[in-house]
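# Remarks on the overall topology
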Amino acid sequence: MTETKIGIVGGGQLAGLLAEEVVRLGGHLYSLDPNPECPAAKMGAIYVKGDRHSEADIRALADLVDVITVDLEDVNVDALAKLSEDGIPVIPDPKTLAQLTNKLYQKEVFRANNLPTSPFTPYDGESADGLASQGWPAVQKAAEGGYDGRGVAIIKGPEDAEKRLRVPGFVEAFVHGALELSVMVARDALGHVKTWDTTEMEFDDRGNLLAYLIAPARIPDETAAKARDLATRAIEAFNGVGIFGVELFLTPEGELLINEIAPRTHNSGHYTIDACATSQFRQQFNVLTGKPLEETTQHSASVMFNLLGEEGFEGKTVVDGLDTLLETPGVHPYLYGKKSCFPLRKMGHVTVVANSLEEAQALADKAKSQIVIRGDKRIKS
Ligand code: ADP
């Protein structure tokens with residue numbers, strides 16, 4: 001169907017899941033990563049050795065392909081900007097990437113565009129006093145470099161001030177009792193937008209990783225539609241082209257607040273592979289190759305959970321119980337081919353589809369108890 005050559009900076013599971021889709025459609029995905037056994041290489045990408053922070057390596061990747069995208073936002077954005085100046089298509093635009101990799105800048109754009117977000121104050125991490133500017137508990141966020149909760153510190157009171165991050169960013173008001181929502185947005189170069197239905201995220205407190213993704217979210221239709229509208233407006237405010245994950249809070253009072261935007265396919269969008277007319281990866285392919293966006297309608301209720309490395313083990317990856325999952329209708333496991341495993345490492349995910357969310361949740365709970373992914377050695381305590 002297509003001979004399009006796509007380059008992706010980074011070779012993690014998002015690149016891997018895109019590789020599976022691109023290969024299925026007859027295209028080629030070239031993935032730049034230092035590890036020849038990275039998920040993307042295991043999942044069908046053409047492996048290119050190199051580092052996502054190296055300008056020379058990114059340029060070498062660009063020489064092989066027609067268009068460049070990124071696996072995660074932690075890449076050499078300046079190198080991508082230079083490629084873009086030289087006329088090489090980069091999606092999302094490096095300008096958008098530079099803006100979205102800075103969480104403080106994101107917040108400022110939300111505020112400037114009247115997009116609701118929790119109140120915030122820029123903060124450099126230096127003095128303990130600055131922490132209190134939005135009250136207690138204080139939510140402190142690093143402007144750059146954070147993901148999966150690593151750039152976030154929730155500080156209960158002045159007595160915990162020493163736990164603050166010594167990095168520039170901001171403090172924001174703690175949002176109490178909120179439901180966490182996500183909206184996946186696709187926007188093409190002509191400005192056409194498609195969103196998927198609003199989903200609900202439940203977190204695993206141990207690693208601040210997504211525990212369950214519930215699609216669609218169990219909220220009123222009107223609120224779900226409003227979240228999709230806000231997410232669209234947020235991506236338009238950044239002139240974003242590509243696939244984006246927009247995370248929001250829904251307060252007990254029914255107020256929607258935008259938390260943050262990820263400039264890429266997202267863990268909360270994996271369910272789209274099995275539950276929607278078009279997956280986030282197919283849509284990413286469409287945007288990258290200039291094809292029209294397709295319908296995003298959801299055809300099945302869905303619950304997704306991540307397969308995290310079992311605590312207490314490390315070493316060579318061992319998977320127990322996979323066959324049981326493979327034999328269960330409606331249960332779709334995805335493994336990322338990571339050869340080594342450590343506690344809470346994201347090793348794969350399982351999407352469950354069913355006629356109702358209750359049914360999907362029951363199947364997901366059962367599936368979760370049937371599969372264990374771990375290292376082959378016990379960690380000595
Ligand atoms: P990351 O990009 O590292 O995932 P987030 O901004 O999503 O960082 O924050 C991680 C988690 O911290 C959120 O999913 C949420 O559970 C919690 N959190 C973040 N901001 C707030 C807030 N203002 N109030 C309450 N909880 C928050």
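Okay, so let's go over this structure.

### Overview of the sheet that holds strand 2 (residues 28–33)
Spatially, 3-2-1-4 is the arrangement adopted by the four strands of the open sheet, whose pairing is parallel. Both edges of this open sheet fall to strand 3 (46–49) and strand 4 (67–70), since each of them pairs with a single strand only. Each adjacent strand pair in this sheet contributes to an overall mean axis angle of 25°, direction not counted. Bridge count for strand 2 against strand 3 is four bridges, and the pairing is parallel. Residue pairing across strands places Ser31 opposite Tyr47, the latter belonging to strand 3. On the sheet, helix 1 (residues 13–24) packs against strand 1 (5–9) and strand 2 and is oriented at approximately 160° with respect to strand 2.

### Remarks on the pattern of salt bridges
In this structure the tally under the stated criterion is 19 salt bridges. A salt bridge links Glu21 to Arg24, with the nearest nitrogen and oxygen atoms 2.8 Å apart. Placement of the pair is Glu21 and Arg24 together in helix 1, with a separation of three residues, close to one helical turn. A salt bridge links Glu202 to Arg218, with the shortest nitrogen-to-oxygen separation between them at 3.5 Å. Separated by 16 residues along the polypeptide, Glu202 in strand 11 (residues 199–204) and Arg218 in the loop between strand 12 (209–215) and helix 7 (221–237) bring together distant segments of the chain. Several salt bridges share partner residues, and in doing so they unite Lys107, Lys141 and Glu172 into one network.

### A closer look at the side chain of Ser54
Within the secondary structure layout, Ser54 lies in the loop between strand 3 and helix 3 (55–62). Residue classification places Ser54 among the buried residues on the basis of a relative accessible area of 19%. From its side chain, Ser54 meets the backbone nitrogen of Asp57 in a polar contact 3.0 Å long.

### Looking at the packing of helix 1 against helix 9 (residues 280–288)
For any two helices packed against each other, one specifies the inter-axial angle together with the distance between the axes. Put simply, helix 1 and helix 9 touch, their axes get as near as 9 Å, and they point 70° apart. With respect to helix 9, the axis of helix 1 lies roughly perpendicular. Within the contact between the two elements, helix 1 uses Leu14, Leu17, Leu18, Glu21, Val22 and Arg24 and helix 9 uses Phe281, Arg282, Gln284, Phe285 and Leu288.

### Section: helix 4 (residues 77–85)
Inspection of helix 4 places Val77, Ala79, Leu80 and Leu83 among the buried residues, and these make up the whole buried set. Taken around the axis of helix 4, the buried residues stretch over an arc of 155°, which confines them to a single face. Seen from the buried face of helix 4, the exposed residues on the opposite side, beyond 90 degrees, are Asp78 and Glu85. In this structure, the buried side of helix 4 is in contact with strand 1, helix 3, strand 4 and helix 5 (94–100). Its side-chain oxygen placed 3.2 Å from the backbone nitrogen of Asp78, Asn76 serves as the N-cap of helix 4.

Rules used in this analysis
- Within any chain, residue numbers begin from 1 and follow the written order of that chain's sequence.
- Given that the model is predicted, a residue must reach a pLDDT of at least 70 before its local features are reported, and side-chain atom pairs must reach 80 or more before they are shown or counted; all residues, however, enter totals for whole chains, interfaces and linings.
- Calculation of side-chain values draws on the structure's entire complement of heavy atoms; hydrogens and water are dropped beforehand.
- Think of it this way: DSSP has to see at least two bridges between two strands before they count as a pair.
- For helices the rule is a DSSP run of H or I covering at least 4 residues; for strands it is a run of E covering at least 2, with both sets numbered from the N terminus onward.
- Only the contacting stretch of a helix is used when fitting its axis, a line to C-alpha atoms as for every element, and angles between N-to-C directions run 0 to 180 degrees.
- Contact between two residues is taken to exist if any of their heavy atoms lie within 4.5 Å; hydrogens are not considered.
- By definition here, a salt bridge exists when the distance from a side-chain nitrogen of Lys or Arg to a carboxyl oxygen of Asp or Glu is within 4 Å.
- Three labels apply to residues, based on accessible area from a 1.4 Å probe with only protein chains included: buried if under 20% of the type maximum, exposed if over 50%, partly exposed otherwise in between.
- By the criterion applied in these results, polar contacts are pairs of N or O atoms within 3.5 Å in which, for protein atoms, one can donate a hydrogen and the other can accept it, and in which residues neighboring in sequence qualify only through two side-chain atoms.
- The cut-offs work like this: below 35 degrees is roughly parallel, past 145 is roughly antiparallel, 65 to 115 is roughly perpendicular, and the gaps in between are oblique.
- By arc we mean the arc of the directions from the helix axis to the C-beta atoms, nothing more.

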